[in-house]
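Structural characterization, general
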Amino acid sequence: MAEINASIPFDKRLWRQDIAGSKAHVAMLGRQGIIDAGAAARIAGGLAQVEAEYEGGGVPVDLALEDIHMTVETRLAAIVGPDAGRLHTARSRNDQVATDFRLWVRDAIDGHLAAIRTLAGVLAARALEHHATVMPGFTHLQVAQPVTLGHHLMAYVEMLKRDFGRFRDARARLNQCPLGAAALAGTGFPIDRAATAAALGFDAPTANSLDSVSDRDFAIEYLTSATQCALHLSRLAEEIILWASQPFGWVRLPDQWSTGSSIMPQKKNPDAAELVRGHSGRILGLMTGLMVTMKGLPLAYSKDMQDDKEPVFEAHDLLELSLAACAGMMETIAFVPGRMRASAASGFSTATDLADWLVREGGVPFREAHHITGRAVKAAEDAGVMLDGLSLQQLQAIDARISAGVFDVLSVEASVSSRRSLGGTAPERVKAAAEAAIAEVPQWA
């Protein structure tokens with residue numbers, strides 16, 4: 001029973017938040033005259049000593065003390081004596097843990113927001129560097145149309161911007177203080193919940209005592225935000241893995257973000273990227289696990305909710321590591337523009353440009369232009385050349401409306417340069433987007 005009941009092996013992570021909550025609570029008790037000022041001062045001094053001890057030597061684990069709350073209170077009693085028992089006036093471990101956990105998740109989100117800004121800034125800087133570097137764009141992992149590497153990297157900046165917004169919104173919703181809800185029904189003591197909420201940096205106290213101690217939406221929303229971010233990082237990691245493989249050869253992995261083989265000396269394995277990809281599955285599982293834990297619980301608090309912290313703690317660690325690894329990889333990875341450009345020129349990636357030219361210059365309906373282009377692709381395949389390798393005579397044999405001006409759009413460089421629509425891959429568009437992101441990302445708030 002001691003082993004299954006105790007949470008101190010993992011909830012010791014909450015010690016800073018637990019002490020902060022106790023400091024705010026005892027200050028309020030003293031101001032309200034619920035305990036005398038002398039006792040409040042002694043408790044505050046004792047809490048400061050416990051804080052210094054834990055900062056220097058960590059939190060001792062004693063299963064008999066069950067959780068971080070009893071661990072702190074027991075040490076406080078050893079320091080200040082019986083006055084320590086006054087600290088728990090007008091609160092319960094139910095509202096205490098709900099407050100501690102919200103504070104911890106809030107701090108975790110702040111860390112993620114900073115890490116997302118760092119990664120987005122790295123990607124924007126590399127996008128600016130490669131705003132005109134041509135590579136193939138894919139659909140179905142088949143060469144579709146040429147794009148620029150900068151444009152590709154900026155797509156991930158957009159994903160991270162959404163991730164940032166999700167975490168920011170989750171933080172705003174969780175920033176209400178449960179302290180003072182007590183076990184589930186509130187308290188008869190004349191407490192000042194607004195004061196403790198303000199002291200802890202919350203926007204306001206929570207409005208319903210039952211919901212205050214039973215709500216774990218903030219933990220689930222944290223995990224859903226973490227999962228979405230991890231999925232984006234996994235997609236980036238998968239591309240690094242593909243691009244580093246010999247059939248692609250588009251990137252050279254830095255030594256510090258890859259490993260060798262125990263038997264094959266020529267190998268340079270993208271282990272960091274593979275682990276980021278793997279971590280996304282674990283984070284998804286952690287989110288699902290907590291949702292299933294919470295789905296059938298009646299109001300208010302049930303001991304099942306002790307299992308809310310480990311998935312959040314584990315997801316936090318995995319996501320922080322993944323964000324840092326992606327930033328490190330993307331900052332130091334070496335791109336191989338020649339291989340990218342050669343791949344972009346394969347697969348008749350400028351076929352759409354020929355069709356668009358026929359519509360724009362020849363007045364051909366797009367569906368007819370699509371069929372004409374298909375015949376041109378077949379002719380190029382038969383001749384063993386790309387579309388811009390066909391002669392004007394060969395193209396005019398397919399359709400007499402084709403003129404020499406078509407060669408202005410058939411190279412991959414001409415193709416990307418023509419995509420000047422808002423959000424398009426034209427180098428000047430990408431350059432402007434990357435420059436804007438470099439200026440804006442540090443201001444994300």
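Residues take numbers from 1 onward in each chain, read along the sequence in its written order. For this predicted model, a pLDDT threshold of at least 70 governs which residues receive local features, and a threshold of 80 or more governs which side-chain atom pairs are given and counted, while totals over whole chains, interfaces and linings are taken from all residues. Side-chain figures throughout are based on the complete set of non-hydrogen atoms in the structure, without hydrogens or water.

To continue, consider the overall build of the protein. Helix and strand assignments follow DSSP, with helices taken as H or I runs no shorter than four residues and strands as E runs no shorter than two, numbered in order from the N terminus. Scanning the protein from terminus to terminus reveals 18 helices and six strands. Note on method: radius of gyration uses C-alpha positions; expected globular size equals 2.2 Å times residues raised to 0.38. Computed over C-alpha atoms, the radius of gyration of the protein comes to 30 Å, more than 25% over the 22 Å expected from 2.2 N^0.38 for 445 residues, which places it beyond the range of a compact globule. The dimensions of the protein, computed from C-alpha atoms along their principal axes, are 100 × 55 × 40 Å. Categorising residues by exposure relies on relative accessible area from a 1.4 Å probe, with only protein chains included: less than 20% of the type maximum marks a residue as buried, more than 50% marks it as exposed, and the intermediate range marks it as partly exposed. Of all 445 residues assigned to the protein, the portion counted as buried reaches 49%. Surface exposure here means Shrake-Rupley accessible area, sampled with a 1.4 Å probe, where a residue is shielded only by the protein chains that are shown. As displayed, the protein offers around 19,700 Å² of accessible surface, 55% of which is attributable to carbon and sulfur atoms. Within the protein, the 52 negative side-chain charges are centred at a point lying 2 Å from the centre of the 42 positive side-chain charges. The sign given to each residue is positive for Lys and Arg and negative for Asp and Glu; His and the chain ends receive no count. Working definition for charges: the position is that of NZ of Lys, CZ of Arg, CG of Asp or CD of Glu.

This part covers the pairing of strand S1 (residues 134-139). When S1 meets strand S2 (residues 142-148), the two strands line up antiparallel, connected through six bridges. Across the sheet, the residue bridging to Thr139 is Gln142, located in S2. Criterion used throughout: strands pair if DSSP finds at least two bridges between them. If you look at the hairpin formed by S1 and S2, you'll find two residues sitting between the two strands, and His140 has a positive phi there, around 60°.

Here we come to the pattern of salt bridges. Salt bridge, as applied in this entry: a Lys or Arg side-chain nitrogen positioned within 4 Å of an Asp or Glu carboxyl oxygen. Scanning all chains against the criterion turns up 28 salt bridges. In this structure, Arg341 engages Glu413 in a salt bridge whose closest nitrogen and oxygen atoms are separated by 2.8 Å. You can see Arg341 sitting in helix H13 (residues 337-345) and its partner Glu413 sitting in helix H17 (residues 412-418), a full 72 residues away along the chain. The structure contains a network of salt bridges with shared partners spanning Arg42, Asp83 and Arg86.

Here we take up the packing of helix H3 (residues 15-31) against helix H5 (residues 68-80). Axes here mean lines fitted to C-alpha atoms, for a helix over just the part in contact, with angles spanning 0 to 180 degrees between N-to-C directions. Packing of H3 against H5 brings their axes to within 10 Å, and their N-to-C directions diverge by 60°. Judged by the inter-axis angle, H3 sits oblique to H5. Judged by the sense of rotation from one axis to the other, the crossing of H3 with H5 is right-handed. For the pair H3 and H5, contact is made by Trp15, Asp18 and Ile19 and by Ile68, His69 and Val72, respectively. Convention used here: angles under 35 degrees read as roughly parallel, angles over 145 as roughly antiparallel, angles from 65 to 115 as roughly perpendicular, and any remaining angle as oblique. Take the far helix as your reference; a near helix turned counterclockwise from it by less than a right angle gives a left-handed crossing, and one turned clockwise gives a right-handed crossing. Note on contacts: a residue pair qualifies if any of its non-hydrogen atoms lie within 4.5 Å across the two residues.

Here we come to the packing of helix H6 (residues 93-129) against helix H18 (residues 427-440). The N-to-C vectors of H6 and H18 enclose an angle of 150°; their axes lie 8 Å apart at closest approach. Taken together, the axes of H6 and H18 are roughly antiparallel relative to one another. H6 and H18 meet at a crossing whose hand is left-handed. Two secondary-structure elements touch here, H6 through Ala124, Ala125, Ala127 and Leu128 and H18 through Val430, Lys431, Ala434, Glu435, Ala437 and Ile438. In this classification, the charged set is Asp, Glu, Lys and Arg, the nonpolar set is Ala, Val, Leu, Ile, Met, Phe, Trp, Tyr, Cys and Pro, and all remaining amino acids, among them Gly, are polar. Looking at the contact of H6 with H18, its residues break down into eight nonpolar, no polar and two charged.

A separate point is the environment of Val441. In this fold, Val441 is placed in the segment after H18. Overall, Val441 belongs to the buried group, its relative accessible area being 2%. Residues contacting Val441, with those up to four places away along its chain left out, are Arg117, Ala120 and Gly121.

So, on to the packing of aromatic side chains. Classification of ring pairs uses Phe, Tyr and Trp, with its six-membered ring standing for Trp, and accepts pairs whose centres are within 6.5 Å; under 30 degrees between planes counts as stacked, over 60 as edge-to-face, and the remaining range as tilted. A full pass over the atoms with the stated rule returns ten aromatic pairs. Summarising the aromatic geometry, the rings of Phe248 and Trp250 are spaced 4.9 Å apart at their centres and angled 80° between planes, so their arrangement reads as edge-to-face. With respect to class, Phe248 is no different from Trp250; both count as buried. Charges are assigned to positions over rings by a cutoff of 6 Å between ring centre and Lys NZ or Arg CZ, combined with an angular limit of 35 degrees from the ring normal. Lying across the ring of Phe202, Arg106 places its NZ or CZ 4.9 Å from the centre. In this arrangement the basic side chain of Lys309 is found over the ring face of Phe101, its NZ or CZ atom lying 5.5 Å from the centre.

If you trace the backbone, Asp36 turns up in the loop between H3 and helix H4 (37-57). Residue classification places Asp36 among the partly exposed residues on the basis of a relative accessible area of 44%. In sequence terms Asp36 and His152 are 116 residues apart; their C-alpha atoms lie 64 Å from each other.

In this model, Leu299 is joined to Ala300 through a cis peptide bond whose omega is 5°. Within the secondary structure, Ala300 sits in the loop between helix H11 (271-294) and helix H12 (309-332). Of note in the backbone geometry, His140 takes a positive phi value of approximately 60° without being a glycine. Note that His140 resides in the loop between S1 and S2.

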